[in-house]
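Take a look at the letters that make up each chain.
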Amino acid sequence: MSDLDVLSVFCAADGRHGNTLGVVREGRYHPDRADRQAIAAQLGYSETVFVDDPDLGVVDIYTPGLRLPFAGHPLVGVGWLLDLEVVNPPAGEVWVRQDGEFTWITARAEWAPPRTLQQYGSAAEIDALPAPPPGEGWLYAWAWEDEAAGRVRARAFPRRGDGIVEDEATGAAALLLTARLGRALNITQGRGSQLITAPGPDGTIEIGGRVRLLTAP
């Protein structure tokens, strides 16, 4: 696909890890939702975002099996790629800012799809979890690495039968955890991806991370 960029979002400091994202720059060439869903399923990334209006930041987000009103890593990724100040997914207006090596979005926890946030006793327990652990529905397993410093170890298991066994870096889940704990977090997720969060005074939460380009047309 000539208008497809592939990014890695929420990379570690050395550029490794991160969650793969497909960005279809010319969404107008794929206006049908069924067509978009088929493309997302064929690509097989945890999410693929279609850009409907690059000037206004209007975007449409898909997993391999469903359409999402909001998702963190697609919005961080497309905000970085297109150097946008605002991104407009179906959930609402999301502000974007660049801060050195980090790209930040501002969002609200109520926009995030529901997830089970399950706390474990240690980071070692998170590392030892099978993929996916038993259960139904989306699971975000987390534990404190250093509670005083706000450092969290996490892994995410969609458990929805679409081929994504484990999600490497999940902005929406980080948003929900930050809202629950009411404090800034430095999250290491998956193999070593990094997500930074900061709650704001107006009920919004910033989510930040590093982005790198894997392939371009």
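Scroll up for the structure.
Residues numbered from 1 in each chain as written. Predicted model: local features only at pLDDT ≥ 70, side-chain atom pairs only at ≥ 80, totals over all residues. Heavy atoms only, no water.

A. Fine view of empty space enclosed by the protein. Applying the stated criterion across every chain, the model contains 2 cavities of 30 Å³ or more. Empty space within the largest cavity amounts to approximately 50 Å³. Around the largest cavity, the lining residues are Glu 47, Ala 71, Gly 72, His 73, Pro 74, Arg 115, Trp 138, Asp 167, Ala 169, Thr 170, Gly 171 and Ala 172. For the lining of the largest cavity, the secondary-structure elements that each account for two or more residues are α2 (72-82) and α4 (171-181). At 3 residues, α2 tops the list of elements feeding residues into the lining of the largest cavity. Residues that form the lining of the largest cavity fall into these classes: 5 nonpolar, 4 polar and 3 charged. Estimates place the volume of the second largest cavity at around 30 Å³. In terms of lining, the second largest cavity is formed by Ser 46, Glu 47, Arg 115, Trp 138, Pro 158, Arg 160, Ile 164 and Asp 167. (1 Å grid on protein atoms, 1.4 Å probe; cavity = no way out; pocket = protein on both sides within 12 Å on 5 of 7 lines; lining within 4 Å. Points joined across faces, edges and corners; volume = space filled by probe spheres on them. Helix = DSSP H or I, 4+ residues; strand = E, 2+ residues; numbered from the N terminus. Nonpolar A, V, L, I, M, F, W, Y, C, P; charged D, E, K, R; others polar.)

B. The arrangement of α4 in detail. The element α4 is largely enclosed, with a buried count of 8 among its 11 residues. Every buried residue of α4 is listed here: Gly 171, Ala 172, Ala 173, Ala 174, Leu 175, Leu 176, Leu 177 and Thr 178. Once α4 ends, the next one or two residues include Gly 182, with phi positive near 70°. (Buried < 20%, exposed > 50% of the residue type's maximum accessible area, 1.4 Å probe, protein only.)

C. Spatial organisation of the environment of Arg 180. Structurally, Arg 180 is set in helix α4. Note on Arg 180: relative accessible area 53%, which makes it exposed.

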